[in-house]
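Structural features, examined
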Amino acid sequence: MTSVASIELAEGVASTTRPEVDDLSLGIVGAGKFGTTLARAAVAAGYDVAISGSGPAGDIALTIDVLAAGTRAATTDEVVRHADIVVLAVPTHRFRELGSDLFAGKILIDATNYWEPVDGHDPELTAAPGGTSTIVQEHFPSARVVKSLNQLGYHQLQEHQRPKGAPDRIAIGAAGDDHLAVRQVMRLLDRLGFDPVDAGPLNNGLPLEPDGSPIATTYSADELSKLVTR
Amino acid sequence: MPTLEFGLDTFLPVTVDEAGLPIGGDQVIRNAVEEAVLAEAVGIDSFNIGEHYRTEFMDSAGHVVLAAIAGRTERIRLGTAVTVLSTQDPVRLYTDFATLDAVSNGRAQLIVGRGSLIDSFPLFGFDLADYEELFEEKLDLLVRLLRQQPVTWSGNFRSPLMDQFVSPPIPAGHIPTWVGVGGSPQSVIRAARFGLPLMLAIIGGRPERFAPYVELYKRALQQHGQSELPIGLHSLGFVAETDDEALKIQWPYYKEQFEWAARERGWRPPTYGQFLAEVDHGSMYVGSPETVAQRIAAVMRTLSLSRFDLHYAIGRIPHDRRMATVELYGREVIPRVRELLTAAPEPDDAAAVVGT
Ligand SMILES: NC(=O)c1ccc[n+]([C@@H]2O[C@H](COP(=O)([O-])OP(=O)(O)OC[C@H]3O[C@@H](n4cnc5c(N)ncnc54)[C@H](OP(=O)(O)O)[C@@H]3O)[C@@H](O)[C@H]2O)c1
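Just so we're clear, the structure is a prediction, and the values are computed from it rather than from any experiment.

1. Observations concerning the overall build of chain A
- From N to C terminus, chain A includes 10 helices and eight strands.
- Across the 230 residues that make up chain A, the buried fraction comes to 57%.
- The contacts of chain A with a sequence gap of at least 6 include a subset with a gap of at least 24, amounting to 67%.

2. Examining the interface of chain B and chain A
- Opposite the 32 residues of chain B that make contact, chain A presents 30 residues.
- Both faces combined, the contact of chain B with chain A buries some 2,800 Å², and carbon together with sulfur accounts for 60% of it.
- The interface formed by chain B and chain A holds one salt bridge in total.
- Of the charged contacts in the structure, one is a salt bridge between B:Arg219 and A:Asp65, with a shortest N-O distance of 2.7 Å.
- Scanning the region where chain B abuts chain A turns up four residue pairs in polar contact (both at pLDDT 80 or more).
- Residue assignment for the side of chain B that touches chain A shows that the elements contributing at least two residues are helix 5 (131-147), helix 6 (185-193), helix 7 (211-223), helix 8 (243-265) and helix 9 (272-281) of chain B.

3. Focus: the pattern of salt bridges
- Evaluated as defined, the whole model comprises 31 salt bridges over all chains.
- If you follow the salt bridges from partner to partner, you end up with B:Arg114, B:Glu132, B:Glu136, B:Arg190 and B:Arg193 in one network.

4. Some details on the environment of B:Val82
All names here are of chain B.
- With respect to the element layout, Val-82 can be found in the loop between strand 3 (77-80) and strand 4 (83-84).
- In this structure, the C-alpha to C-alpha distance between Val-82 and Gly-180, residues 98 residues apart in sequence, is 6.8 Å.
- Once residues within four sequence positions are removed from consideration, Val-82 is found in contact with Gly-50, Glu-51, Ile-111, Val-112 and Gly-113.

5. With respect to the sheet that holds strand 8 (residues 195-198) of chain A
Residues and elements named next belong to chain A.
- Taking strand neighbours across the sheet as the criterion, the eight strands line up as 3-2-1-4-5-6-7-8 in an open arrangement whose pairing is mixed. Of all strands in the sheet, those bounded by a partner on one side alone are strand 3 (72-73) and strand 8.
- Running over the sheet, helix 2 (residues 33-44) touches strand 1 (25-29), strand 2 (48-52) and strand 4 (85-88) and is turned about 170° from strand 2.
- The sheet strands contacting helix 10 (residues 221-229) are strand 7 (171-176) and strand 8, and the helix crosses strand 8 at an angle near 15°.

6. So, the environment of A:Ala111
Residues and elements named next belong to chain A.
- Secondary-structure assignment places Ala-111 in the loop between strand 5 (107-110) and helix 5 (116-119).
- Remark: the alpha-carbon pair of Ala-111 and Ser-133, spanning 22 residues in sequence, is separated by 8.8 Å.
- Each residue touching Ala-111, except ones within four places of it in the same chain, is listed here: Phe-34, Val-87, Leu-88, Ser-148, Leu-149 and Asn-150.

7. Overview of the packing of helix 1 (residues 25-41) of chain B against helix 11 (residues 319-342) of chain B
Residues and elements named next belong to chain B.
- Packing of helix 1 against helix 11 brings their axes to within 9 Å, and their N-to-C directions diverge by 20°. Compared by their axis directions, helix 1 and helix 11 come out roughly parallel. Classified by chirality, the crossing of helix 11 by helix 1 is right-handed. Here Asn-31, Glu-34, Glu-35, Leu-38 and Ala-39 of helix 1 lie close against helix 11, whose contacting residues are His-319, Arg-322, Met-323, Val-326 and Glu-327.
- Class assignment for the residues of the contact of helix 1 with helix 11 results in four nonpolar, two polar and four charged.

8. Description of the site of the ligand
- The environment of the ligand is formed by 25 residues, the closest being A:Phe34, A:Ser54, A:Thr92, A:Tyr154 and B:Gln186.
- One chain alone does not account for the residues near the ligand; they come from chains A and B.
- Contact between the ligand and A:Ser54: an oxygen atom at 2.6 Å from a side-chain N or O atom of the residue.
- Relative to its unbound accessible surface of 890 Å², the ligand loses 86% to contact with the protein.
- For the shell around the ligand, the residue count by class is 10 nonpolar, 12 polar and three charged.

9. Notes on empty space enclosed by the protein
Residues and elements named next belong to chain B.
- Applying the stated criterion across every chain, the model contains three cavities of 30 Å³ or more.
- Secondary structure elements with two or more residues in the lining of the second largest cavity: helix 1 and helix 11.
- Looking at the lining of the second largest cavity residue by residue, the classes come out as four nonpolar, four polar and two charged.

10. Re helix 1 of chain B
Residue and element names in this part refer to chain B.
- The terminal C-alpha atoms of helix 1, which comprises 17 residues, lie 25 Å apart, in line with the 24 Å expected from a rise of 1.5 Å per residue.
- Residues of helix 1 that are buried: Val-28, Asn-31, Ala-32, Val-33, Glu-35, Ala-36, Leu-38, Ala-39 and Glu-40.
- Looking at the buried positions of helix 1, the neighbouring elements they touch are strand 1 (5-10), strand 2 (46-49), helix 2 (62-72), strand 12 (307-312) and helix 11.
- Directly beyond the C-terminal end of helix 1, a positive phi value near 90° is found at Gly-43.

11. Describing the nonpolar core
- Counting residues in each nonpolar core, the largest one holds 143 residues, and the members touching the most others are A:Leu149, B:Leu200, B:Ile296, B:Met300, B:Phe308 and B:Tyr329.
- In terms of residue count, the dominant contributor to this core is helix 11 of chain B (eight residues).
- Beyond its immediate sequence surroundings of up to four residues, B:Ile296 is in contact with B:Phe6, B:Tyr285, B:Phe308, B:Tyr329, B:Val333 and B:Val337.
- Ranked by size, the runner-up nonpolar core spans 21 residues in total, among them A:Val79, A:Val80, A:Val90 and A:Val136.

12. Here's the deal with the pairing of strand 1 of chain A
Residue and element names in this part refer to chain A.
- Most of strand 1 is tucked away, with five of its five residues classed as buried.
- Residues of strand 1 alternate between two faces, with Ser-25, Gly-27 and Val-29 on one and Leu-26 and Ile-28 on the opposite face, all of them buried.
- Crossover connection from strand 1 via helix 2 to parallel strand 2: handedness right-handed.

13. Digging into the side chain of A:Lys147
Residues and elements named next belong to chain A.
- Its place among the elements puts Lys-147 in strand 6 (residues 144-148).
- Under the relative-accessibility criterion, Lys-147 is labelled buried at 0%.
- Setting aside its immediate chain neighbours within four residues, Lys-147 contacts Asp-110, Thr-132, Ser-133, Gly-173, Ala-174, Ala-175, Leu-202, Gly-205, Leu-208 and Glu-209.

14. Structural notes on the confidence of the model for chain A
- Here chain A shows a mean pLDDT of 89. Residues at 70 or above account for 87%.
- A low-confidence stretch, residues 1-21 of chain A stays under pLDDT 50, and its non-local contacts, those more than four residues away or across chains, total 29 contacts.

15. Considering the environment of B:Asp45
Residues and elements named next belong to chain B.
- Mapped onto the elements, Asp-45 comes out in the loop between helix 1 and strand 2.
- A C-alpha to C-alpha distance of 12 Å links Asp-45 and Ala-108, two positions 63 residues apart in sequence.
- Here Arg-338 takes part through its side chain, which lies 3.1 Å from a polar atom of the side chain of Asp-45.

16. What to know about the packing of aromatic side chains
Residue and element names in this part refer to chain B.
- Counting across every chain of the model gives 13 aromatic pairs over all chains.
- Ring geometry for Phe-11 against Phe-57: centres 5.4 Å apart, planes inclined by 85°, an arrangement best described as edge-to-face. Remark: Phe-57 occurs in the loop between strand 2 and helix 2 and Phe-11 occurs in the loop between strand 1 and helix 1; sequence separation between them is 46 residues. Of the two residues, Phe-11 and Phe-57, neither departs from the other in class, the shared state being buried.
- When the ring of Trp-251 is compared with that of Tyr-254, the centres are 6.1 Å apart and the planes differ by 35°; the resulting orientation is tilted. Note that Trp-251 and Tyr-254 are positioned in helix 8 at a spacing of three residues, about one turn of the helix.
- Given a relative accessible area of 15%, Trp-251 falls into the buried group.
- You can call Tyr-254 buried: its relative accessible area is 1%.
- Of note, Arg-307 hangs over the ring of Trp-178, and the distance from its end group to the ring centre comes to 4.8 Å.

So, how was this worked out
- All residue numbers refer to position in the chain's written sequence, counted from 1.
- Lettering for chains starts from A, numbering for ligands starts from 1, and both go in the order in which the items are written.
- Per-residue local features of the predicted model are confined to residues with pLDDT of at least 70, and side-chain atom pairs are confined, for both listing and counting, to 80 or more; whole-chain, interface and lining totals are unaffected and use all residues.
- Side-chain descriptors were evaluated using all non-hydrogen atoms of the structure, hydrogens and water having been removed beforehand.
- In DSSP terms, a helix is any run of H or I states spanning at least four residues, a strand is any run of E spanning at least two, and both are numbered starting from the N terminus.
- We call a residue buried when its accessible area falls under 20% of the maximum for its residue type, exposed when it is over 50%, and partly exposed in between, using a 1.4 Å probe and counting protein chains only.
- Contact between two residues is taken to exist if any of their heavy atoms lie within 4.5 Å; hydrogens are not considered.
- Buried area is calculated as the accessible area (1.4 Å probe) missing from two parts once they are joined, with the contributions of both summed.
- Each salt bridge in this description consists of a side-chain nitrogen of Lys or Arg and a carboxyl oxygen of Asp or Glu lying within 4 Å of one another.
- Throughout this description, a polar contact denotes any pair of N or O atoms lying within 3.5 Å of each other; where both atoms belong to protein, one of them has to be capable of donating a hydrogen while the other can accept it, and for residues adjacent in sequence the pair is counted only when both atoms sit in side chains.
- We treat two strands as partners when DSSP finds at least two bridges between them.
- Geometry is summarised by axes, namely lines fitted to C-alpha atoms with helices restricted to the contacting stretch, and by angles between N-to-C directions that run from 0 to 180 degrees.
- Note on angle classes: values under 35 degrees are labelled roughly parallel, values over 145 roughly antiparallel, values of 65 to 115 roughly perpendicular, and the remainder oblique.
- Here a crossing is taken to be left-handed if its near helix is turned anticlockwise relative to the far helix by less than a right angle, and right-handed if that turn runs clockwise.
- Only Asp, Glu, Lys and Arg are considered charged, only Ala, Val, Leu, Ile, Met, Phe, Trp, Tyr, Cys and Pro nonpolar, and every remaining residue, Gly among them, polar.
- If a single non-hydrogen atom of a residue is within 4 Å of a molecule or strand, that residue counts as near it.
- All accessibility values rest on the Shrake-Rupley procedure with a 1.4 Å probe; residue burial counts only the protein chains present in the view.
- Residues are said to line a cavity or pocket when one of their atoms sits within 4 Å of a point; the points come from a 1 Å grid over protein atoms alone, cavities being sets where a 1.4 Å probe fits but cannot get out and pockets being open sets with protein on both sides within 12 Å along at least five of seven lines.
- Grid points are joined across faces, edges and corners, and a volume is the space filled by probe spheres set on the points.
- A helix is expected to span 1.5 Å for every residue after the first.
- Among the buried residues, those of types Ala, Val, Leu, Ile, Met, Phe, Trp, Tyr and Cys that are joined through side-chain atoms within 4.5 Å form a nonpolar core.
- Think of it like this: strands point away, you trace from the first strand over the helix to the second, and a clockwise trace means the crossover is right-handed.
- You can read pLDDT as the predictor saying how much it trusts each residue, on a scale of 0 to 100.
- Here the aromatic set is Phe, Tyr and Trp, taking the six-membered ring for Trp, and pairing holds for ring centres within 6.5 Å; pairs whose planes are under 30 degrees apart are stacked, those over 60 apart are edge-to-face, and all others are tilted.
- The criterion for a charge sitting over a ring is simple: Lys NZ or Arg CZ within 6 Å of the ring centre, and within 35 degrees of the ring normal.

Now the structure itself:
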């Protein structure tokens, strides 16, 4: 169901009706370990990236200059205006600080992972039977939430980028209820250097949540496809 | 070349005896004192204790253990790795470590951090929502207490101080205080802003990936008008006579440790392949003295480090094996790393400095 070829076919159809699929803009909210690593990867993949922390753009200017050159440091509002795809990369225990309508109409990639020893006890996230992204979607009802990019440790994101067709290219899943949104996220994953895998609806998020080894497990596209359809 | 410092770090893990049964927590603490006494005897520069509030670690009051070590040693520096400053009162921390500095005749040191696990937050009644603000505020007060008294200070999380002297006084420059960071750029910049040396904690992945953080730290120091400061690294490892022996001893305990977490969370346990990959090119220093020395020297060069702390023996590895690692690290690994690092590019110069 999830070979790269079939995605390209689907994209071909989609692009006749949705011209913005070729838009190479990306927004990232959260300029920490993960956000800056992703920004660097996205710039390398040809994206025009804007990124924000919790404060004014100047607060992260040096960080961005050194860790993610070519990315624009901005405020969160500017990041949202900058792109149709925005990545949520703030600490998991802080996503509720962001306004519910902040991402109205945007594709919001939820890259957050919930881990109690780090994020503290959060009854809602603990109890989420369909994965934590369903709770994120509830908080941002007007956003088109796709769960993705959360599977790997930030250093793995950097170490595993490979060109299409490389034998050791690894897979990243994308789960969401808005099919167009999922497809656009899959295209982003592919450009970043990963085999994209359609992981089904948003409430199928559990198989994408991370494992406990300090080196998170990596999967090929076939392995990951099996895992998410189990 | 700056002075090089080689330390040992431990969380005082509950270890097992020969029969594989866990030993008492009190015995773990006394064993740690023995490990530190041996560390001094074999020439290790510092012994540093973590801070956790979990059943598997006995390091909840490390300063008391350090004071006991102080009474049995003369030279080795005594520190933390790391103190969870966010949930400590900086005034109390100051009194504990200024006193330790006095009883040890000037050997106290600190690494302070936000802590990667947050057990201490609910335990001491702090709110995780204040994670960032707590650390910033407490670091500010601690640095003032260490640098210049009396202190006049106010903040959001404790009562203000007005022209306050806190005893005992310490001589200027005592209690070197490092900021421990795990890869968050904000923390790197904060260390530079406060003019404090940087301790990187690298527990997974290739250490080279931290080179940009080193660059960020240097640039931030310049931006804040600070002079150059040392950079250190804390990483996991285990030393035995041969590579095979080290791998064979360490792997089951490594596996066990991460399997527990895996079971708790329904995760996949680590594979031997992942473990080997970390040992081969990650930041885990497991092997013979020569192997470990080569890898430490390489990372110190790549990241321009002047301090390396080995967090030795992962998991419940028995005390006698831990002692053997301490001994090999002190007697063989450290001298070899010094030798490798002083071997300058020009062979003539190298001959002159080796052995100093
Ligand atoms: N680290 C990883 O390997 C990894 C991998 C996959 C997924 N993730 C997930 O990614 C998220 C971020 O993790 P991290 O490790 O990058 O954390 P981090 O290093 O602590 O960085 C968090 C960033 O979020 C910013 N932030 C906090 N509150 C914000 C707000 N209200 N608005 C905008 N920005 C805000 C912080 O900026 P300020 O400093 O200005 O507050 C900081 O730049 C977490 O949910 C984590 O589970 C992490």
